[in-house]
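An overview of the molecular structure
The chain contents come next:
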Amino acid sequence: MLRHLTIKDFAVVRATDLEFGPGMTVISGETGAGKSLLVDALGFLSGARADAGVVRHGAQRAELSAEFELAPASPALAWLAEHALDEAGACQLRRVLRADGGSRAWINGRAVPVSQLAELAGLLVEIHGQHEHQALLSKPRQLDLLDAFAGSAPQLAKVRQAAAAWSALLAERERLTAQGDVSDRLNYLQHQLDELRAEDLSPDAIEALSQQHRRQAHASSLIQACEDGLTRLSGDEGPSASRLLLQTRAELARVLSHEPRLGEVDSLLDSAQIQLQEALALLNQVRDDLDVDPAQFERAERRLGRLHDLARKHRVAPEQLDEVATRIEQELDGLRGAGERLAGLNTEIEAARQAWKATAAALTKVRTKAATSLARQTSTLIGELGMGGGKLEVQLEPIDTERPDAQGAERVELLVAANAGQPPRPLRKVASGGELSRISLAIEVAALGSDAVPTMVFDEVDSGIGGAVADIVGKKLRDLGRARQVLCVTHQPQVAAQGHAHYRVSKAPVDGMTQSSVESLDAAARREELARMLGGVQVSAEARAAAGKLLEAVD
């Protein structure tokens, strides 16, 4: 639950620190004093979009911070551990809103995206504004409300998973069917593949063919170069490299004894002679392999030409033709199996449809049971809120189940009868704003507490009611405070009297600038505040007496 809230330079609040305990805490104050600013601060700490307009005039930024106490089995504690943001059980949310419109967020002192702040806050705080009933007019919101009340998240997850599997199979069938008659495509691809596979397309083979083509193209010059080299290195006529080496070594051998270093020279010349002999052997081999063969050259020319034609046709380099052939083979395999896949898909789709129907039926069963319970509890509350004979019906409307639907096999419509004898009508068609407010409040009170959120905030949800009805609303919120921490901004003294703790917000000029302040009320101050709420600016003795009776009547 929320333990501490710190606000600095936020709207008309310069600085305030608030402590909260269990049960129901009420916040009151004159109209315009800024009592809803506490709710707004929690809203920004819950990830609401940054608004530069909430920064106090003259300040560069607003700073908001909230500390929560977490139970050992709290989902928020598990979330913190999962995201490596846990800190010895601590849970602190902090947000800074800058005057230029930017903002930053922290969890336990570590900077995080605002989306993570919102995700964690969703496990800690649930805010119900004074216009919450407007959201209840939406049928999707009504379905969400019923699912939350029913606790049907596991069944809904299975429906969504089954719907996704069914949808994927339908999409695959539509894609294959859209291809139509694939025989022409098959013939075309097979022709292309035959063209490609008629050649050796491996990169090594293409490189070898290119080398062969170059050798044949320059065979005459290569042969002449080899013969000239052989003549120079070991020719029988005229001086040659081999003969010169032998002569040099013989001449040096005669004087070797007079200069020891000439032995090293002879050794080097001996190595050169060995390498020269190896070079002559290789040169002879190359020369013997060379032959001017016009037919062979023509064959290599034709093959290279075909490869370059294929490369231009498929708009790739010759070395990539093998990859093109592989892709065509894969497409051919897919097309050849399209007919068999279509036949198998029909069976799989029917199985997926039945699986979805089974999960949807389980969800419907949970929703139907919850709908009965929600209708009964809400109808009781409607009567207690001064609308005797009024009732709520939760109508489940079946939808077309021939297509997968992630929300299940039905939609929800809330039907209400405001008075006895009237037929139930859709909630969105209820004419009276006051009736709609009370009916919506009854629905909210009946459905609240169905989740694990420990702190619930109400911002003037009792607007438009008063007297005995307000007293009942206060009691319902106090009852809720026994199971959850409840923070309630109210202008109804009957509701405020039900709180376990009471804060008053007031506004006054300080140094020429209007500021709001928040103070915790003791018993005497609380009685005075209730008297003000009952009697207006001029607090009479009768108002104080009535305030005392309200407090004495609280159990």
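So, a few notes on the structure that sits alongside this text. Because the structure is a prediction, the values reported are computed rather than measured. (Residues numbered from 1 in each chain as written. Predicted model: local features only at pLDDT ≥ 70, side-chain atom pairs only at ≥ 80, totals over all residues. Heavy atoms only, no water.)

Quick notes on the side chain of Thr455
Just so we agree on the cut-off: A run of H or I in DSSP becomes a helix once it reaches four residues, and a run of E becomes a strand once it reaches two; helices and strands are each numbered from the N terminus. Within 3.5 Å is the distance limit for a polar contact, defined as a pair of N or O atoms, with the added protein rule that one can donate a hydrogen and the other accept it, and that residues adjacent in sequence qualify only through two side-chain atoms. Working rule for contacts: check all heavy atoms of both residues, and any pair within 4.5 Å makes them a contact.
Counting through the fold element by element, Thr455 comes out in strand S12 (residues 455-459). Reaching out from Thr455, the side chain makes a polar contact with the backbone nitrogen of Leu2 at a distance of 3.4 Å. Setting aside anything within four residues of it in sequence, one finds Thr455 in contact with Met1, Leu2, Phe68, Leu124, Val125, Glu126, Gln485 and Leu487.

Side note on the nonpolar core
How we decide: Each nonpolar core is a collection of buried residues, namely Ala, Val, Leu, Ile, Met, Phe, Trp, Tyr and Cys, held together in the definition by side-chain atoms within 4.5 Å. Type-normalised accessible area, obtained with a 1.4 Å probe on protein chains alone, sets the label of each residue: buried when under 20%, exposed when over 50%, and partly exposed for intermediate values.
Ranked by internal contacts, the top residues of the largest apolar core, which has 53 residues, are Val394, Leu414, Leu427, Ile443, Phe458 and Val473. In terms of residue count, the dominant contributor to this core is helix H15 (residues 433-447) (eight residues). Counting residues in hydrophobic clusters, the runner-up holds 45 residues, among them Leu5, Leu45, Val457 and Val505.

Describing the packing of aromatic side chains
Our working rule: Here the aromatic set is Phe, Tyr and Trp, taking the six-membered ring for Trp, and pairing holds for ring centres within 6.5 Å; pairs whose planes are under 30 degrees apart are stacked, those over 60 apart are edge-to-face, and all others are tilted.
Tallied over the entire structure, the rule returns three aromatic pairs. For the pair Trp166 and Trp356, a centre-to-centre distance of 5.7 Å together with 50° between the ring planes defines the contact as tilted. Here the residue Trp166 occupies a position in helix H6 (residues 153-178), and Trp356 occupies one in helix H14 (residues 338-384), the gap between them amounting to 190 residues. Like Trp166, the residue Trp356 is buried in the burial classification.

Some remarks on empty space enclosed by the protein
As a reminder of what qualifies: Put plainly, a pocket is an open set of points on a 1 Å grid over the protein atoms alone with protein on both sides within 12 Å along at least five of seven lines, a cavity is a set where a 1.4 Å probe fits but cannot get out, and a lining residue has an atom within 4 Å of a point. Grid points are joined across faces, edges and corners, and a volume is the space filled by probe spheres set on the points. Throughout this entry, Asp, Glu, Lys and Arg are counted as charged residues, while Ala, Val, Leu, Ile, Met, Phe, Trp, Tyr, Cys and Pro are counted as nonpolar. The remaining residues, Gly among them, count as polar.
Throughout the structure, instances matching the rule amount to two cavities of 30 Å³ or more. For the second largest cavity, the calculated volume is near 40 Å³. Taken together, Leu381, Leu385, Leu441, Ala442, Val445, Val473 and Lys476 make up the full set of residues lining the second largest cavity. Elements with a minimum of two residues in the lining of the second largest cavity: H15 and helix H16 (467-481). When residues in the lining of the second largest cavity are grouped by element, the largest group, three residues, is from H15. Across the lining of the second largest cavity, the residue classes break down as six nonpolar, no polar and one charged.

Topic: the sheet that holds strand S9 (residues 391-398)
Operational definition: We call two strands paired when DSSP finds no fewer than two bridges between them. Axis lines are fitted to C-alpha atoms, over the contacting stretch for helices. Their N-to-C directions set the angle, which ranges from 0 to 180 degrees.
Reading across from one edge, S9-S10-S11 is the order of the three strands in this open sheet, with antiparallel pairing throughout. The two strands at the open ends of the sheet, each matched to only one other strand, are S9 and strand S11 (425-426). Pairing between S9 and strand S10 (residues 410-417): eight bridges, direction antiparallel. Note that in S10 the partner of Val394 across the bridge is Leu414. Set on the sheet, helix H5 (residues 139-150) makes contact with S9 and S10; between it and S10 the angle comes to about 95°.

A closer look at the side chain of Glu529
By the secondary structure assignment, Glu529 is in helix H18 (residues 523-535). Within polar-contact distance, the side chain of Glu529 engages the side chain of Arg532 at 2.7 Å.

Describing unusual backbone geometry
Positive phi values are uncommon outside glycine, yet Ala11 reaches one of about 55°. Of note, Ala11 is situated in the loop between strand S1 (2-10) and strand S2 (13-19). Residue Ala11 is classed as partly exposed on the basis of its relative accessible area, which comes to 22%. The residue Ala88 is not glycine, and still its phi comes out positive at about 55°. By the element assignment, Ala88 lies in the loop between helix H2 (75-82) and strand S5 (92-98). By relative accessible area, which is 88% here, Ala88 ends up exposed.

Some thoughts on the packing of H2 against helix H3 (residues 114-121)
Cut-off, in case you're wondering: Throughout this description, any angle smaller than 35 degrees is read as roughly parallel, any larger than 145 degrees as roughly antiparallel, any in the 65 to 115 degree range as roughly perpendicular, and the remainder as oblique.
Running from N to C, H2 and H3 point in directions that differ by 150°, and their axes come no closer than 10 Å. One finds that H2 runs roughly antiparallel with respect to H3. Facing Ala76, Trp79 and Leu80 of H2, the residues of H3 in contact are Gln116, Glu119 and Leu120. In the contact of H2 with H3, the residues fall into four nonpolar, one polar and one charged.

Here we look at H5
Short version of the rule: What a helix should span is 1.5 Å times the count of its residues minus one.
With 12 residues, H5 should cover 16 Å at 1.5 Å per step; its first-to-last C-alpha distance of 16 Å lies within 8% of that length. Of all the residues in H5, the buried ones are Gln142, Leu143, Leu145, Leu146, Asp147 and Phe149.

Focus: the environment of Asp100
Note on placement: Asp100 falls in the loop between S5 and strand S6 (103-107). A relative accessible area of 60% places Asp100 in the exposed class. In this structure the C-alpha to C-alpha distance between Asp100 and Gly53, which are 47 residues apart in sequence, comes to 9.4 Å. A polar side-chain atom of Asp100 sits 3.0 Å from the main-chain amide nitrogen of Gly102.

What to know about the environment of Glu397
Along the chain, Glu397 turns up in strand S9. Along the sequence, Glu397 and Ser103 sit 294 residues apart, while their C-alpha atoms lie 44 Å from each other. Not counting residues within four places of it along the chain, the set of residues in contact with Glu397 comprises Lys139, Ala409, Glu410, Arg411 and Glu413. In terms of polar contacts, Glu397 uses its side chain to reach the side chain of Lys139, at 3.0 Å. Side-chain polar atoms of Glu397 contact the side chain of Gln395, separated by 3.1 Å.

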